[in-house]
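# Chains, contacts and geometry: an overview
Each chain is listed here by its residues.
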Amino acid sequence: MSHSENNRVRIFDTTLRDGEQSPGASMTLEEKLKIAEVLEGMNVDIIEAGFAIASNGDFECVKQISERIKNSTICSLARAALGDIERAAEALKPAKQARIHTFIATSPLHMRVKLQMDPEDVISAIHGSVTHARKFVDDVEWSAEDATRTDLDFLYRAVETAIRAGATTINLPDTVGYATPTEFEQMFRSVIENVPDSDKAIFSTHCHNDLGLAVANSLAGLAGGARQIECTINGIGERAGNAAMEEIVMALKTRADAMPYHTNIKTTDIMKASKLVSTVTGFTVQNNKAIVGANAFAHEAGIHQDGILKDAQTYEIMTPESVGVAKSTLAMGKHSGRHAFADKLAELGYELGDNAFQECFRRFKELGDRKKTIYDEDIIALVDDEVATWANRMQVVALNNYSSSNGHAVCDITMTIDGDKVKAVTYGSGPVDAAFNAIKDVIEFSPKLQHFQVHAVTHGTDAQAECTVRLEHEGRTANGQGADEDTVIASARAYVSAVNKLLVKREKKAPGPV
Ligand code: KIV
Ligand code: ZN
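All values derive from a computational prediction rather than experimental measurement. (Residues numbered from 1 in each chain as written. Chains lettered and ligands numbered in written order. Predicted model: local features only at pLDDT ≥ 70, side-chain atom pairs only at ≥ 80, totals over all residues. Heavy atoms only, no water.)

### Topic: the sheet that holds strand S8 (residues 228-231)
For the record, the criterion: A pair of strands is labelled paired if DSSP reports no fewer than 2 bridges between them. Put simply, DSSP H or I for four residues or longer makes a helix, DSSP E for two residues or longer makes a strand, and each gets a number counted from the N terminus. Only the stretch in contact is used when a helix axis is fitted, and all axes are lines through C-alpha atoms; the angle between N-to-C directions ranges over 0 to 180 degrees. Whether two residues are in contact is decided by their heavy atoms, any of which lying within 4.5 Å being enough.
With parallel pairing, eight strands are arranged side by side around a closed barrel as S1-S2-S3-S4-S5-S6-S7-S8. Across the sheet, the mean angle separating the axes of adjacent strands is 25° when strand polarity is ignored. Across the sheet, helix H4 (residues 108-115) is in contact with strand S4 (98-105) and strand S5 (140-145); its angle to S4 comes to roughly 85°.

### A closer look at the coordination of the zinc ion (ligand 2)
Heads up, the rule is: With water excluded from the atoms, a metal site may look incomplete; its donors are any N, O or S atoms within 2.8 Å, or within 3.2 Å for Na, K and Ca. Only protein chains enter the area calculation, which uses a 1.4 Å probe; residues under 20% of their type maximum are buried, those over 50% are exposed, and those in between are partly exposed.
At the metal site, the zinc ion (ligand 2) is ligated by Asp18 (OD), His206 (NE2) and His208 (NE2), and these contacts range over 2.0 to 2.2 Å. The sequence motif formed by the donor residues of the zinc ion (ligand 2) is D-x187-H-x1-H. Within this pair, whereas Asp18 is found in the loop between strand S1 (10-13) and helix H1 (29-41), its partner His206 is found in strand S7 (residues 202-207), the two being separated by 188 residues in sequence. Exposure remark for Asp18: the relative accessible area of 2% places this residue in the buried category. A relative accessible area of 5% means that His206 is categorised as buried.

### Considering the environment of Glu386
Note on placement: Glu386 falls in helix H14 (residues 376-389). Take Glu386: its relative accessible area is 4%, and that puts it in the buried class. Sequence-wise, Glu386 and Ala356 are 30 residues apart; in three dimensions their C-alpha atoms are separated by 7.4 Å. The residues contacting Glu386, other than those within four sequence positions of it, are Glu359, Cys360 and Arg363.

### Remarks on the site of ligand 1
To keep it simple, the criterion reads: A single heavy atom is enough: if one lies within 4 Å of a molecule or strand, its residue is considered near that molecule or strand. Throughout this description, a polar contact denotes any pair of N or O atoms lying within 3.5 Å of each other; where both atoms belong to protein, one of them has to be capable of donating a hydrogen while the other can accept it, and for residues adjacent in sequence the pair is counted only when both atoms sit in side chains. Every accessible area reported is derived by Shrake-Rupley at a probe size of 1.4 Å, with residue values counting cover from the shown protein chains alone.
All residues adjacent to ligand 1 are Arg17, Asp18, His101, Phe103, Ser143, Glu145, Asn171, Pro173, Thr175, His206 and His208. Contacts to ligand 1 include Asp18, whose side-chain N or O atom sits 3.1 Å from an oxygen atom. At 3.1 Å from an oxygen atom of ligand 1 is found a side-chain nitrogen or oxygen belonging to His206. Considering ligand 1 on its own, with 260 Å² of exposed area, one finds that the protein chains cover 94% of that surface.

### Description of the packing of helix H5 (residues 119-134) against helix H6 (residues 152-165)
Which entries qualify depends on this criterion: When an angle is under 35 degrees it counts as roughly parallel; over 145 it counts as roughly antiparallel; between 65 and 115 it counts as roughly perpendicular; any other value is oblique. If you view the pair so one helix is near and one far, a crossing is left-handed when the near helix is turned anticlockwise from the far one by less than a right angle, and right-handed when it is turned clockwise. Three classes are used, and their members are as follows: Ala, Val, Leu, Ile, Met, Phe, Trp, Tyr, Cys and Pro are nonpolar, Asp, Glu, Lys and Arg are charged, and the others, Gly among them, are polar.
For the pair H5 and H6, the least separation of the axes is 8 Å and the interaxial angle reads 25°. Regarding the angle of H5 to H6, the classification is roughly parallel. H5 and H6 meet at a crossing whose hand is right-handed. Where H5 abuts H6, its residues Pro119, Glu120, Val122, Ile123, Ile126, His127, Val130, Thr131 and Arg134 lie against Phe154, Arg157, Ala158, Thr161, Ala162 and Ala165. Class assignment for the residues of the contact of H5 with H6 results in nine nonpolar, three polar and three charged.

### Some remarks on the sheet that holds strand S12 (residues 409-417)
The three strands lie next to each other as S11-S12-S13, forming an open sheet whose pairing is antiparallel. Sheet topology places strand S11 (394-403) and strand S13 (420-428) at the edges, where each strand pairs with a single neighbour. Between one strand axis and the next, the sheet turns through 15° on average, direction left out of account. Across nine bridges, the pairing between S11 and S12 is antiparallel. Its bridge partner lying in S12, Val396 is registered against Met415.

### Looking at the side chain of Thr73
Relative to the assigned elements, Thr73 resides in strand S3 (residues 73-79). Given a relative accessible area of 11%, Thr73 falls into the buried group. Filtering out sequence-adjacent residues up to four positions away, Thr73 remains in contact with Asp45, Ile46, Ile47, Gln97, Ala98, Arg99 and Asp139.

### What to know about the pairing of strand S6 (residues 169-174)
Within S6, six of the six residues are buried, which leaves the element mostly enclosed by the surrounding structure. Side chains Thr169, Asn171 and Pro173 project from S6 onto one buried face, and the interleaved Ile170, Leu172 and Asp174 project onto a second face that is buried too. Across three bridges, S5 lies against S6 in parallel orientation. Bridge assignment links Glu141 to a residue of S6, and that residue is Thr169.

### Points about the domain arrangement of the chain
The cut-off we apply is this: Note that the domain bounds reflect an automated or database-derived domain assignment.
On domain assignment, one finds that the chain holds domain 1 (9-281), domain 2 (297-324), domain 3 (338-388) and domain 4 (389-505). A straight line from the C-alpha centre of domain 1 to that of domain 3 covers 38 Å.

See the structure below:
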């Protein structure tokens, strides 16, 4: 494998921008900051933090990520409009390395129907937008939206204009996920061969997965001369999503013999990033998903298990450890003391303040009383749950429920709202329904449940349940997570966590009580 700079592939992560455009994937500012930190830790080259002009929330997010992240370039999207570019530049001001990413559609269909612009006006807009962006930053990316359905001769002119105006990266997206790998490779080769000064820019892929070809197309783009790939964690994004970063990075690492390119990504952080994005968005990773699915390294058939025991390479082309899938390790028992618990938290990468530590330790001891074996995953679920509820206005204090096979259930809940205790007792068609009704009684409004999902953190009937809930109220959506060995309590915690986020969103718009 050649490790020349010429074969280095820059990883441009757009989980926080294109990924967030997945219906229902809204993330809070704190969640985005957490994801950005994980991406920086993985050595992602460029983080697209948002679309600064889209909303005040997006602006704030680009700005705060620019303040916090030092080792990755921070990027904001901007249409070919002066106001968009200025807003992006303003949000990126604190960034150590900033990039403005400006785009305009170039396909006949998009120009005629969506933009209602003549091709010549599009060329002027490219010149104007890139020139304007260069007044603020040296690092400007220009994208030809719907490049794969653009006439090649027009694409040459558009790219030439962008490079002349100072674009340093040229992105040719497969916006609608329509291209085949051969066509996509050929498009890059043709553009690079036919555009004067094409060597002055780095070419980039941005593939959507409508036909399930996003990763294959991205890799084909490299063969055609691209050296940047735009992708997202778990492949989230508009419609069928974007190319999945974990698949691209591991394909390049595992098949370096066939594809002589390399990235700087720290692959052992892949699982951590995948779990975080899945938890925050509420989008579960399917069990058979490549690299990060629960079954990606599981071997069911006896003949496979036998082979694996003799030599893992019989059925494993990469090791689970290389993507951060650790074997479940026995964490500790109920007799473990504070020091051992603090050491374990440090090993798992947590730094908790005093109060949060005390509360986590109390819950860990409680868990030890009820659950025989405590794994690292149990501690991670417990601490994530505690950290998520910390500083929230509402918390579940106690919950008792009764359910019977005749379809009736009762929930008796005690919660705190801004420190005051509130109680409710309600019925439901099942225990979770009764718990959600009780919470609605307490909060005195009725968010719509859009998504509800439970999964077991480890094996066995005493495994902790991790629950995700997505709520919608007055046009705003929020995801909440909760964990507990009792599924109903985990569900209630998740519901309350989503309500807390809805409250934050609502307060940002119109301060005042609920
Ligand atoms: O899919 C696309 O074309 C985009 C552009 C804005 C880069 O997301
Ligand atoms: Zn896109």
